[in-house]
Every structure is written in structure tokens, then in C-alpha cells.
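# Results of the structural survey
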Amino acid sequence: MKRFYICLLIGLLGLSACFKDKLLVVGPPNDIDPADTTTAPVASGIKRKVLLIGVSGLRGDAMEVAQVPAIAALLPNAVYSYESLTQQPTQSGSGWASLLTGVWSNKHGVKDNSFTGYDAVKFPMAFRYVKLFSPKLRTVSIQSWPVLNQQLVSGADVSISLPDADAQVKDSAVKRLGQDDPDLLLVGFTGVKTAAHQFGYGPDVPEYMQAIEQADTYIGEILAALKARPGAAQEDWLVIIASDHGGIAKAEGGSSPEERNIFTLFHNKAFTGTKVVQPLTSLRAARYASDGQYAASASPLYNFDSIKQFTVQFNVRTRGFVSDVPFVGNKDWNSGNNPGWLLCPVGAGKWKFQAGSGSGRVDINSSAAGINDNRWHTIAITVDRRTGPGEVLLFQDGEPAGSSSLNNLSPFAPSGQQLKFVIGDDITGKYRINWGNDDFLMSNVCVWDTLWKKEDFKKYSGCDTTQHTNPYFSRMIGWWKGTGPNGNQLADASGRDNPLTVFGNPNWITQEISFCNVPQPAAVPQSVDVLPSIFAWLKIAADSGWGLDGISRVP
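What counts as what
- Residues numbered from 1 in each chain as written.
- Predicted model: local features only at pLDDT ≥ 70, side-chain atom pairs only at ≥ 80, totals over all residues.
- Heavy atoms only, no water.
- Helix = DSSP H or I, 4+ residues; strand = E, 2+ residues; numbered from the N terminus.
- Contact = heavy atoms within 4.5 Å.
- Areas by Shrake-Rupley, 256 points an atom, 1.4 Å probe, with all protein chains shown as cover.
- Polar contact = N/O pair within 3.5 Å; in protein donor to acceptor, adjacent residues only side chain to side chain.
- Axes fitted to C-alpha atoms, helices over the stretch in contact; angles between N-to-C directions.
- Parallel < 35°, antiparallel > 145°, perpendicular 65-115°, else oblique.
- Nonpolar A, V, L, I, M, F, W, Y, C, P; charged D, E, K, R; others polar.
- Disulfide = S-S within 2.5 Å.
- Buried < 20%, exposed > 50% of the residue type's maximum accessible area, 1.4 Å probe, protein only.
- Pairing = 2+ DSSP bridges.
- Phe/Tyr/Trp six-rings, centres within 6.5 Å; stacked < 30°, edge-to-face > 60°.
- Lys NZ or Arg CZ within 6 Å of the ring centre and 35° of its normal.
- Core = buried A, V, L, I, M, F, W, Y, C linked by side-chain atoms within 4.5 Å.

## What to know about the overall build of the protein
Looking only at helices and strands, the protein features 15 helices and 24 strands. Each principal axis of the C-alpha atoms in the protein carries an extent, and together these give about 85 × 50 × 40 Å. Residue pairs in contact within the protein that sit at least 24 positions apart in sequence constitute 69% of those at least 6 positions apart. Split by element, the accessible area of the protein, about 22200 Å² in all, is 51% carbon and sulfur.

The structure is reproduced here in C-alpha cells:
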């Protein structure tokens, strides 16, 4: 066995003029069995092959409810997920690059559809790996998006570009399966994304759903051609169906859950059907984005007029604001003069503290950097009304972000209102309906009936979901982690047992980063899992030195 690899390595070195850049990156094949007891992988005479079908712009949630009989017939023998993920930037160029290189854009360098910055030497696409280790394998790429063949798909024996012509792409793939002998066949459709750009993304858009169902028809014909191949009995195919990105409204490119949501499927006749979903133990956060979505308490414990000193802290994540829907507060935001206080967005990416007494008001904007970067930020305030005019201090990510006198504002809470403390709206629960929506995720909302020292905001991380170790825990009067669905309530972890009632069914979004912005392992398939799965199927032992970000989904 080792002599085989030595001979193969000598042969590869002889081809260094052709593969110099690849050898520097990929290196010689690994000896996948150090004990040298491995038998020849083709002893049975069955040849392993791969069909990879890319459906651009296919969202997993739409796929789950679409009428797709061809793909549905694969599910009993497939590992698949409607909750699969890609990463920002969610453009076709970046998405396809991640699918075919096994790494994210911070490595392969593709940020948009121009493919500018692609590092093809360090992170080659699938065909180049396959050709290095098995030069005789026949590779074919048939694309409805010509740029993919021009900029990314290198080393293909056959490249066919049929611009925005999915039906012709299907016909070409069927013909190749009948008359050619591909070992790795890559087929790309664009009709679903085209429909999304014209009519919108989502399962509630009929034209988008019709485009998905049309793609399924094409896939069905390709699968029928695969089964009808003259040598089908001597072939063992891995069928992969994947999307490059999702979308929202009529576009993609951002980092919203809808834009990152894709569909993936790995099928072989010997696989056991496995639907992969995000476990409930995954880190989640509530997304407040639509009319009527908020969480609130009517407990008299949260009468902030009688609480003369308090600290509020929470984590928030957003891509930006269009309105000034309150993050948290206790006032009717129909007027800034109304009694009570709140924290809310200001501008596209900043936030502010606002308070009123009925006849006066205080507004102070945070002096910190914007928070519209789709990362988690910790926002906190201390309010001291014990003596003099009173004072409010603002903090962002542990650092001071402003201060102001409270100008003797009193009362500090409205009278006659049922709700006393609200997340994601004002105390009427109708601010979004009357004044416009904002889209943000909230978690780890904490209230203490005491003042934190300035230095402690930095010392005790506000992004941590464990607050028991800080010296203020005994003064907590509310702590709503909001890290997972709990019916119509946000449980109170402070020990006061004051859950918040949840209204409007906000979405619970699984987080790919922690509240401290540390990457979270994904339980569901990701774009970068496609290439490692191809390697596993073709018996190519991936080298850790390649720096792949994905894992194989082959059982």
C-alpha cells in the first residue's frame, strides 16, 4: 500500500510543471490506512460518481412546502435539511465559491459576483482536487450562469454555458448522462433566483414557488437519465442538491436568516433518510420584527417611579434601523413628554435613552460606535434618582457611552397602564403598528434595583449568559435570557419568578455566533460541507492542511 503511494507521489512530482500550484497547496495523497490493510476501493467493480445540482436562490423553508415530487422521492435515502446555512456575503459568487472550495469567503476571497479576490491557489475548487488525485476522472460543468464556468470552475473536461436557460441546461445534462461518461457532473440552475428577483423570495410568493417546482421537474428528468445509463449497474452515485443562498424581499446579499437559509440534500440508495434540524439546545434569540411582536410584564414590581436607582442591561443584534421602536422601556412612546423611560434606536445604527415626566423630557444619544453590524452588542444604563436632579449613565460593550442629568423628572412611570415593562415595543404594544417596524434580536435582558459601578461593566461581561458570579446578582429583579422557545413566556432566571408574556409569535433564530460574538458550531449542514462530502464519497482523504471549514455529510 505504501509503495503505491510512493509511486503515485513520484508520478505527481513528474507532473509538477502542470500541478505546481496545486502541489504547494494540496500535497500528496494521505495514506488513509496507516496499518496498510486497506483493500482496493474498486474491487467490487462499482465506480463511485457524483452529481451536484445547484439551484440558485433556493430557500429551505420554501423548499419544505413546495410540491417537488422528484426531490421528495430522494428523501427516504438522503441526509437533508431545510434549515441549512450559508454565510454572508450571500451573493451567488460567494455562495458557489463556498460550495465548491469548502471554505468561507474570508479564505477563498470571493465577496460578490465578480469573483474579484478569489484565491484559486490556496483554495482550489472541487475539480482541481479531483484531477490532482484522480486525473482520469471526467469532470463536466453545465451552467445557466456562465460566470461560474468562466471564473470558478477550473480544470473541467467539459464546460457548457447556456445563459439563463434552465431547460437547455437540463437537456444538456440529460444528453451528457446518456452519451458521455462523467464522474463528477456539476449542473447549475438560475430560474428560481430569477423569479425571486422579479416577484420576491418566500413560500408565500406563488411565482417563486412555481419556479422551485419547475426546477424539480428538470431535476426529475436528470435523475431519470442517470438511472437509465447503460452502465448504471456498475455505478454508485452520490446526488447532491444545494443552494448558493436564500433571499428576502427581491434581493440577497445580507446576513438575515432568510438570506442565509438554504436547502441541502445528500442522496445515495444506501443512505437512511435523515432530516437534520437545529436542536432546541442550539443558542437562539427572539427576533422582534413585525407588528405586535413584543414581550411584557404587568407585575407591580416594575414600577420604576418607586425604584429610585436601577440598572438595565441587554444584548441586541441588528443590521440597522428604519424607525425608533423601543428596545426596552415603560412608557407610551406616542410622545417623548409622556411619563416613563425607554431605550430605542436613533438613526441607522445608534441608540439613545429617552425619558419624560408629562411636562418635560430628557434625550441622550449614545456616543459609542454604531451597532448595525449584525454582531451582538451589550447596551446598559444606570438611573439614579435618589438625590438632586438625578443622573443617567450609558454604556455600550462595557465602555461609557454618555451621561445626562435627569432634570428632576417625576413621575418616572405612567399611571393607569397595565403593562409595566416591555421588550420590543412601548407599553401600548402598538408602537410598531402606528409608527413603523424595526428588525432586531434581543437576549439577556437584565434589571437590578441597584447601581452598577462603572468599572464593573467592563469587568463582568454583559454578553455572558451566566450572571450568578457578578456581585449584583442578589439585587436582580428580572433576568430574561430569551435563549430558546418557551411557549408564550420568557422565563425569569433572576429567582423572582416574573416571566414576561410573549405576544405576536416572534421568530426564534438559531445563532451562528454567541452573544460574545464567538462562532457557534452549526448542527445543520452548511455550504462548506459539500466539498468534504464529495471527498468522502470519492475516497479522497482530506488533509487538515487544506484548511477546509466544512465536514462530510456522507453517513
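## Some remarks on the environment of Gln 511
With respect to the helices and strands, Gln 511 occurs in the loop between β24 (507-510) and α15 (530-537). Measuring from C-alpha to C-alpha, the distance between Gln 511 and Ala 522 comes to 8.8 Å, with 11 residues separating the pair along the chain. Look past the residues within four positions of Gln 511 in its chain and what remains in contact with it is Leu 283, Arg 284, Ala 285, Arg 317, Trp 376, Leu 441 and Gln 520. Here the side chain of Gln 511 touches Arg 317 through a polar contact of 2.7 Å, side chain to side chain.

## Things to note about the side chain of Thr 510
Looking at where Thr 510 falls in the secondary structure, it is placed in strand β24. If we ignore the near neighbours within four places in the chain, the residues touching Thr 510 are Gln 278, Ser 282, Leu 283 and Arg 284.

## Considerations on the packing of helix α9 (residues 166-179) against helix α11 (residues 206-227)
Packing of α9 against α11 brings their axes to within 8 Å, and their N-to-C directions diverge by 5 degrees. The pairing of α9 with α11 is recorded here as roughly parallel in orientation. Seen from α9, the contacting residues are Asp 166, Ala 167, Lys 170, Ala 173, Val 174 and Leu 177; seen from α11, they are Tyr 218, Glu 221, Ile 222, Ala 225 and Leu 226. For the contact of α9 with α11, the per-class residue count stands at 8 nonpolar, no polar and 3 charged.

## A look at the state of the cysteines
Scanning all chains against the criterion turns up 1 disulfide. Here Cys 463 pairs with Cys 516 through a disulfide, and the sulfurs are 1.9 Å apart. The sign of the 95 degrees torsion about the S-S bond sets the Cys 463-Cys 516 disulfide as right-handed. Here Cys 463, found in the loop between α14 (454-459) and β21 (476-480), pairs with Cys 516, found in the loop between β24 and α15; they are 53 residues apart in sequence, far enough to count as distant. Owing to a relative accessible area of 35%, Cys 516 belongs among the partly exposed residues under this scheme.

## Things to note about the sheet that holds strand β6 (residues 235-242)
Where strands meet in a sheet, backbone hydrogen bonds hold them as pairs that are either parallel or antiparallel. Ordered in space as β4-β3-β5-β1-β6-β7-β2-β8, the 8 strands form an open sheet in which the pairing is mixed. At either margin of the open sheet sits one strand with a lone partner, and together these are β4 (158-161) and β8 (274-275). Summarising the sheet, β6 and strand β7 (residues 261-267) pair through 4 bridges and their orientation is antiparallel. Bridge pairing in β7 links Val 239 to His 267.

## Considering the pairing of strand β9 (residues 284-288)
Each regular strand shows side chains that alternate between the opposite faces of the sheet. Most of β9 sits out of view: 5 of its 5 residues are buried. Relative to β24, β9 runs antiparallel, the two sharing 4 bridges. In the sheet register, Arg 287 faces β24, and the bridge partner there is Asn 507. Examined bridge by bridge, β9 and strand β20 (residues 440-448) share 3 bridges and lie antiparallel to one another. Counterpart to Arg 287 in the pairing with β20 is Leu 441.

## Concerning the packing of aromatic side chains
Each pair of aromatic rings is reported with the distance of its centres and the angle of its planes. Summed over all chains, the structure comprises 33 aromatic pairs. Ring centres 6.4 Å apart and planes at 85 degrees place the aromatic pair Phe 473 and Trp 479 in the edge-to-face group. A relative accessible area of 0% places Trp 479 in the buried class. Chaining the aromatic ring pairs together yields one cluster made of Tyr 302, Phe 304, Phe 310, Trp 341, Phe 412, Phe 421 and Trp 480. The ring centre of Trp 537 lies 3.9 Å from the NZ or CZ of Arg 48, which sits over that ring. For Lys 193, the ring lying beneath its charged end belongs to Trp 145, and the centroid distance is 5.4 Å.

## A closer look at unusual backbone geometry
Following Gln 88, the chain continues to Pro 89 via a peptide bond in cis, the omega torsion being 5 degrees. Going from Ser 410 to Pro 411, the amide bond is cis rather than trans, its omega being 5 degrees. Counting through the fold element by element, Pro 411 comes out in the loop between β18 (399-405) and β19 (421-423). At Asp 164, a position not held by glycine, the phi torsion is positive, near 50 degrees.

## Thoughts on the sheet that holds strand β13 (residues 340-346)
Ordered by their spatial adjacency, 8 strands build an open sheet running β15-β14-β13-β12-β19-β10-β23-β22, and the pairing between neighbours is antiparallel. With one partner strand each, in any of the chains shown, β15 (361-365) and β22 (489-490) form the two edges of the open sheet. Note that β13 and strand β14 (residues 350-356) share 7 bridges and pair antiparallel. Each bridged residue has a counterpart across the sheet, and for Leu 342 the counterpart in β14 is Gln 354.

## Considering helix α7 (residues 126-133)
Counting buried positions along α7 gives 8 out of 8 residues, so the element sits mostly inside the fold. Listed in full, the buried residues belonging to α7 are Ala 126, Phe 127, Arg 128, Tyr 129, Val 130, Lys 131, Leu 132 and Phe 133.

## Some remarks on the nonpolar core
Counting 48 residues, the largest nonpolar core has Phe 327, Trp 341, Phe 353 and Ile 381 as the members making the most contacts within it. Met 63, Tyr 80, Leu 162 and Met 209 belong to the second largest nonpolar core, which has 47 residues in total.

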